[in-house]
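The lines below spell out each chain.
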Amino acid sequence: ARIDATPVDVFDPATEAITVESMVGLGQQMIDHVRAYDGDILCEAGVRRAVETTVILNSRGGYGTYKKSSYALVIGGQLIRGQDFLSIWEYDTRCGTNIDALALARAAVEKFEIAKPVATVRTANLPVIFTPRGVASVLLSRFGVSFSGKSVLQGSSALSDKLGTDVFDARLSITDDATLAHVPGSSPFDDEGTPTRPLTLVGNGHVRAFYYDRQTAGLAGTETTGHGYRSPESLPSPSTSVVRIAPGTTPIADLIGGLDEGLLVESMTGTFAGNVFSGDFSGNVHIGFKVEHGKIVGRVKDTMVAGNIFADMKELGGLSDVAEWVGGVVQSPHILFQSLGVSSKS
């Protein structure tokens, strides 16, 4: 029996057709733009295309197949000045070749420019804005595991008994949706042959659903949500596909402009201390900026940020009015936390 697949277009013939020469040309164009800004930047660019065909077969006659293309650009590099080591990268991933290479290079230059001055931070509780990339890398790693049917079933998720209750800020809505066309994280069915469908995890602060594969759904006495994903060397387990956080109503310039003193965080490094299931997060700020009197004044160094997703997302400072794509699997606005623990060596 053929899998009853959801019609999702994730293949673009233009990606298959692009030549190696034109890919090399795009990479060189991005490098030239960054080096024209500052010749001391050790610059690297990457242009990658991939076309894959997924086929699912089982011994009972189940069959399904789809073709997916992905195209990715990355530009960035290192700037070393004495003891200061600055690393900036911009990237974008889509199914088709419609990525503006120069716009990406311009974004990298802009980030180098605001990151060159180094600002000092005091140890205090301060408002912190996470950029879409910061949300994807820092917050969603905590979120994802809390909504997994597996951790809910085991009772290890802080949300295990919170279904149908208000846990988050009323402005927060999160959907997992693999049915979006031209998005690399989308697919017509999961790796167990279940057709994909949009699933609202959080609706206006309310915990609406958890995501399941077939096995955990069976153990939990519920239905799979079409979230059984695997790698070639692993069995399927519950995983998110394309996570979308709905935007708010505040322009990002106003979120930043409203801060007398605070941080704008793009990425963090180091192990996240604390219990992953409890929502605790802490780490060193890898790329982050100091905001003073509503303006970005420079990059922060030797600074840590700590908080708890469940406690600190109960009353947010705001969400920006534009949600941006991160790596073809997350779409998120900037999110302002009213107060997180910030500690600095300086």
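Our structure is the block above this text.
The structure presented is a predicted model; accordingly, all values stated were derived computationally and were not measured.

J.: Mind laying out the sheet that holds strand E18 (residues 330-332), listing which residues take part and the relevant values?
T.: Across the sheet, which stays open at both edges, the 6 strands sit in the order E8-E7-E6-E11-E18-E17 with mixed pairing between neighbours. Each edge of the open sheet carries a strand with a single partner, namely strand E8 (206-207) and strand E17 (324-326). Of the pairings in the sheet, the one linking strand E7 (residues 199-203) to E8 comprises 2 bridges and is antiparallel in character. Across the sheet, the residue bridging to Val202 is Val207, located in E8.

J.: Account for the environment of Ile41, naming residues and giving values.
T.: Structurally, the position occupied by Ile41 is in the loop between helix H2 (20-37) and strand E1 (42-57). Between the alpha carbons of Ile41 and Ser234 there is a distance of 40 Å; along the sequence they are 193 residues apart.

J.: Could you give me a rundown of the pattern of salt bridges, with the residues and numbers involved?
T.: Counting across every chain of the model gives 14 salt bridges. Here Glu292 ties to Lys290 by a salt bridge, and the two come within 2.8 Å at their closest N and O atoms.

J.: How would you sum up the side chain of Thr196? Please name residues and give values.
T.: Assignment of secondary structure puts Thr196 in the loop between strand E6 (174-176) and E7. With relative accessibility at 5%, the residue Thr196 sits in the buried group. Setting aside residues up to four positions removed in sequence, Thr196 forms contacts with Thr6, Val8, Ala178, Thr179, Ser187, Pro188, Phe189, Asp190, Gly226 and Tyr229.

J.: Give a detailed account of unusual backbone geometry, specifying residues and quantitative values.
T.: The residue Asn204 is not glycine, and still its phi comes out positive at about 50°. Along the chain, the position of Asn204 falls in the loop between E7 and E8. The residue Asp302 is not glycine, and still its phi comes out positive at about 50°. Locating Asp302 in the fold gives a position in the loop between strand E14 (295-300) and strand E15 (303-308).

J.: Requested: an account of the packing of aromatic side chains, with residues and values cited.
T.: Pairs of aromatic rings are described using the distance from one ring centre to the other and the angle between the two planes. This structure, assessed with the given rule, holds 7 aromatic pairs. Each ring, one from Phe147 and one from Phe210, has its centre 6.3 Å from the other, and the planes form 50°; the classification is tilted. Residue Phe147 is found in the loop between helix H4 (132-146) and helix H5 (149-154), and its partner Phe210 is found in the loop between E8 and helix H6 (214-220); the two are separated by 63 residues along the sequence. Residues Phe147 and Phe210 agree in their burial class; the two are buried. For the ring pair Phe168 and Phe310, a centre distance of 6.0 Å and an interplane angle of 40° mean the geometry is tilted. Of the two residues, Phe168 sits in the loop between H5 and E6 while Phe310 sits in helix H8 (residues 309-312), which places them 142 residues apart along the sequence.

J.: Before we move on, could you go through helix H3 (residues 101-115) and cite the residues and values that matter?
T.: Over its 15 residues, H3 runs 21 Å from end to end, which matches the ideal 21 Å to within 8%, given 1.5 Å per residue. What H3 keeps buried is the set Ala101, Leu104, Ala105, Ala108, Val109, Lys111, Phe112 and Ala115. Looking down the long axis of H3, one finds its buried residues gathered within 160° of arc, a one-sided arrangement. Between the side-chain oxygen at the start of H3 and the backbone nitrogen of Leu102 there is a gap of 3.2 Å, and the oxygen is on Asp100.

J.: I'd love a proper account of the pairing of strand E2 (residues 63-81), names of residues and values included.
T.: In regular strands, side chains alternate between the two faces of the sheet. Where E1 meets E2, 16 bridges bridge the pair, whose relative direction is antiparallel. Paired with Glu44 across the strands is Gly76, a residue of E2. Between E1 and the antiparallel strand that follows it, E2, lie 5 residues; Gly61 among them carries a positive phi value of about 90°. Relative to strand E3 (residues 84-94), E2 is paired through 11 bridges, and the arrangement is antiparallel. Note on E3: the bridge partner recorded for Tyr71 is Arg94. Between E2 and E3, which pair antiparallel and follow one another directly, the connecting turn spans 2 residues, one of which, Gly82, has a positive phi of 60°.

J.: Describe the pairing of E7, and please don't skip the residues or the numbers.
T.: Burial analysis of E7 places 4 of its 5 residues in the buried class, the great majority of the element. Relative to E7, E6 is paired through 3 bridges, and the arrangement is antiparallel. Across the sheet, Asp176 pairs through a bridge with Leu199, a residue of E7. With antiparallel pairing between neighbouring strands as the criterion, E7 and E8 make up a hairpin whose turn holds 2 residues, including Asn204 at a positive phi of roughly 50°.

J.: Let's hear about the sheet that holds E1: which residues, and what values?
T.: Ordered by their spatial adjacency, 3 strands build an open sheet running E1-E2-E3, and the pairing between neighbours is antiparallel. On the outer flanks of this sheet lie E1 and E3, each paired with one strand and no other. Direction aside, the axes of adjacent strands within the sheet are offset by 20° on average. Lying over the sheet, H3 contacts E2 and E3, oriented at roughly 155° with respect to E3.

J.: Explain a nonpolar patch on the surface residue by residue, including any values.
T.: On the surface, a cluster of nonpolar side chains totalling about 320 Å² of accessible area is made up of Leu42, Ile80 and Phe85. As for its placement among the helices and strands, Ile80 is situated in strand E2.

J.: Describe the nonpolar core, naming the residues involved and giving the relevant values.
T.: In terms of nonpolar packing, the biggest core is built from 47 residues, with Phe130, Phe143, Phe147, Phe168 and Met313 touching the most fellow members. Looking at this core, the elements that each hand over two or more residues are strand E5 (124-130), H4, E7, strand E11 (243-245), strand E12 (261-269), strand E13 (280-292), H8 and strand E19 (335-344). Here this core takes 6 residues from H4, the largest share from any one element. Aside from chain neighbours lying at most four places away, what touches Phe130 is Val135, Val138, Leu139, Val265, Met268, Phe281, Pro333, His334, Ile335, Phe337 and Leu340. Core analysis: the next-biggest nonpolar cluster, separate from the first, contains 32 residues, Ile18, Ile41, Cys43 and Ile88 among them.

Rules behind the numbers
- Residues numbered from 1 in each chain as written.
- Predicted model: local features only at pLDDT ≥ 70, side-chain atom pairs only at ≥ 80, totals over all residues.
- Heavy atoms only, no water.
- Pairing = 2+ DSSP bridges.
- Helix = DSSP H or I, 4+ residues; strand = E, 2+ residues; numbered from the N terminus.
- Salt bridge = Lys/Arg side-chain N within 4 Å of Asp/Glu carboxyl O.
- Buried < 20%, exposed > 50% of the residue type's maximum accessible area, 1.4 Å probe, protein only.
- Contact = heavy atoms within 4.5 Å.
- Phe/Tyr/Trp six-rings, centres within 6.5 Å; stacked < 30°, edge-to-face > 60°.
- Expected span 1.5 Å × (residues − 1).
- Arc of directions from axis to C-beta.
- Polar contact = N/O pair within 3.5 Å; in protein donor to acceptor, adjacent residues only side chain to side chain.
- Axes fitted to C-alpha atoms, helices over the stretch in contact; angles between N-to-C directions.
- Patch = residues over 30% accessible without salt bridge, like charges linked within 9 Å, V, L, I, M, F, W, Y side chains within 5 Å.
- Areas by Shrake-Rupley, 256 points an atom, 1.4 Å probe, with all protein chains shown as cover.
- Core = buried A, V, L, I, M, F, W, Y, C linked by side-chain atoms within 4.5 Å.

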